[in-house]
Amino acid sequence: MKKLRVGILGSTGSIGTQTLQVIAKHPDSFEVALLSCKRNIKLLSNQISQFNPSQVIHGDTTALNYPETYKDCDIVINGISGFAGLTPTIAVLQSDSRLATANKESLVCFGTQLRKIANESGKTIFPVDSEHSAILQCLEESNELNRLILTASGGPFKGFNREQLSKVTSEDAIKHPTWKMGLKVTVDSSTLMNKGMELIEAKHLFSTQKIDVLIHRESIVHSLVEFKDRSIKALLSNPDMTIPIQYALSYPVRLESDTKYLDLSEIGILTFGKPDYERFPCLNIAKNILSKGDYEGTVMCVADEVAVEHFLNNKIGFYDISDIIYKSLERFKDGYLSDVTDVLLLATEVRHFIEDRNH
Ligand code: MG
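Calculation criteria
Residues numbered from 1 in each chain as written. Predicted model: local features only at pLDDT ≥ 70, side-chain atom pairs only at ≥ 80, totals over all residues. Heavy atoms only, no water. Pairing = 2+ DSSP bridges. Helix = DSSP H or I, 4+ residues; strand = E, 2+ residues; numbered from the N terminus. Axes fitted to C-alpha atoms, helices over the stretch in contact; angles between N-to-C directions. Donors = N, O, S within 2.8 Å, 3.2 Å for Na, K, Ca; no water. Buried < 20%, exposed > 50% of the residue type's maximum accessible area, 1.4 Å probe, protein only. Domains from an automatic or database assignment. Contact = heavy atoms within 4.5 Å. Buried area = accessible area lost by both parts, 1.4 Å probe. Salt bridge = Lys/Arg side-chain N within 4 Å of Asp/Glu carboxyl O. Phe/Tyr/Trp six-rings, centres within 6.5 Å; stacked < 30°, edge-to-face > 60°. Lys NZ or Arg CZ within 6 Å of the ring centre and 35° of its normal. Parallel < 35°, antiparallel > 145°, perpendicular 65-115°, else oblique. Left-handed = near helix turned anticlockwise from the far one by under 90°. Nonpolar A, V, L, I, M, F, W, Y, C, P; charged D, E, K, R; others polar.

1. Structural notes on the sheet that holds strand S4 (residues 75-78)
In spatial order, the strands read S3-S2-S1-S4-S5-S6; together these six strands make up an open sheet with parallel pairing. Because the sheet does not close on itself, it has two edges, and the strands there are strand S3 (55-58) and strand S6 (125-127). Here the strands of the sheet are splayed against their neighbours by 25 degrees on average, with no regard to which way each runs.

Now the structure itself:
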């Protein structure tokens, strides 16, 4: 394998730091070409001295919106959190480097158009998300699929009833059971909106709307693929994001990993259950817009982002998040997005609509 030059967007975040762990473990396979982050200058300086990238972008990240920025990268990992990851995703697709993305918001908001852009340049959008990486690995060599099944840990509030859920705070939400993640995605996991966005992400990545969610507390089975003959393939490993990140980098080759061997005899029991759409309305909202387009995806995604900010600042409660998204989707419907200016404009309108309601 030729030494790959890797660009990392959001290098100080959860995906970024874990990507650098993978690179540090395989210095003969990867080198860092580009690091970018918005805020954490201290950690960024440490990363610069350790990995010696040829290019660094800090603070003003508008350079990320231009394809030329990625000319020294063979592959770019987009680890930016939230809506801000969209324009860099487009720029990477328009550049000569491969895109591996952990930014689900770009697919939720603009998936239809992103696939067009990718097809025109003969590219694939490679997923970093553990569920989608698992599906990709299950699909190799056979595409006679019937259905995709995304697994969900259920979040920290799995056993809570509506009454208890209406009282949870942002501090409760950020204690997530199995995965190490950033703040926004942690709150999204507690409302199951993370899983909802992954449904839409999966629709775009694998061209099907036959997708179900399966609650699986242990986070050992990372999604399943059901075929025509009703057999199912699943990918199993200990929950460790460095595995799908490494696979996104090394694909189609597999490299050694430091992660613990999976000992199923030690784990003993794996449990599965149905998601509760009534207690977790965010998942229901996402399922309902699965057949819709990028317009509804953008409204849902931006409304969620604004609501989560308010929830993290303790301005609103748990169920206000789904209420805000629901009301935004009521207000903005049946639109069409033809280019990225439309998405950005719609995002601003949705933000204003929510702020004007004084949350
Ligand atoms: Mg995931």
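2. Brief notes about the coordination of the magnesium ion
At this site the magnesium ion is bound by Asp-129 (OD), Glu-131 (OE) and Glu-198 (OE), with donor distances of 2.2 to 2.3 Å. Coordination of the magnesium ion draws on donor residues from a single chain, spaced D-x1-E-x66-E in sequence. Taken as a pair, Asp-129 in the loop between S6 and helix H5 (130-139) and Glu-198 in helix H9 (residues 193-206) lie far apart in primary sequence, 69 residues in all. Each member of the pair, Asp-129 together with Glu-198, is buried.

3. With respect to the domain arrangement of the protein
Domain parsing of the protein yields domain 1 (4-128 + 241-259), domain 2 (134-240 + 261-291) and domain 3 (293-359). The centre of domain 1, based on its C-alpha atoms, is set 26 Å off from the matching centre of domain 3. Residue-level contacts link 13 residues of domain 1 with 15 residues of domain 3. Between domain 1 and domain 3, the buried area comes to about 1000 Å², and carbon and sulfur atoms account for 66% of it. For the pair domain 1 and domain 3, the number of links is zero salt bridges. Residue assignment for the side of domain 1 that touches domain 3 shows that the elements contributing at least two residues are helix H3 (86-94) and helix H4 (104-120).

4. Regarding the sheet that holds strand S10 (residues 232-236)
Paired through backbone hydrogen bonds, the strands of a sheet run either parallel or antiparallel to each other. In space, the four strands of this open sheet follow the order S8-S7-S9-S10, with mixed pairing throughout. Two strands in the sheet have a free side with no partner beyond their single neighbour: strand S8 (211-215) and S10. The average undirected angle you get between the axes of adjacent strands in this sheet is 20 degrees. Pairing of strand S7 (residues 145-152) with strand S9 (residues 221-227), which is carried by four bridges, proceeds in the antiparallel orientation. The partner of Ile-149 across the bridge, within S9, is Leu-224.

5. Details of the packing of aromatic side chains
This model, assessed by the stated rule, comprises eight aromatic pairs. Connected via pairs of aromatic rings, a cluster forms that spans Phe-157, Phe-160, Phe-311, Phe-318 and Tyr-319. Against the face of Phe-332 rests Arg-331, its NZ or CZ located 4.3 Å from the ring centre.

6. Details of the packing of helix H13 (residues 294-312) against helix H15 (residues 340-356)
Contact pair H13 / H15: the axes reach a minimum separation of 9 Å and the direction vectors enclose 45 degrees. When the axes of H13 and H15 are compared, the pair comes out oblique. In the packing of H13 onto H15, the handedness of the crossing is right-handed. Residues Tyr-295, Thr-298, Val-299, Val-302, Ala-303, Glu-305, Val-306, Glu-309 and His-310 of H13 touch H15, and the partners they reach there are Val-343, Leu-346, Ala-347, Val-350, Arg-351, Ile-354 and Glu-355. A class-by-class count of the residues in the contact of H13 with H15 yields 10 nonpolar, two polar and four charged.

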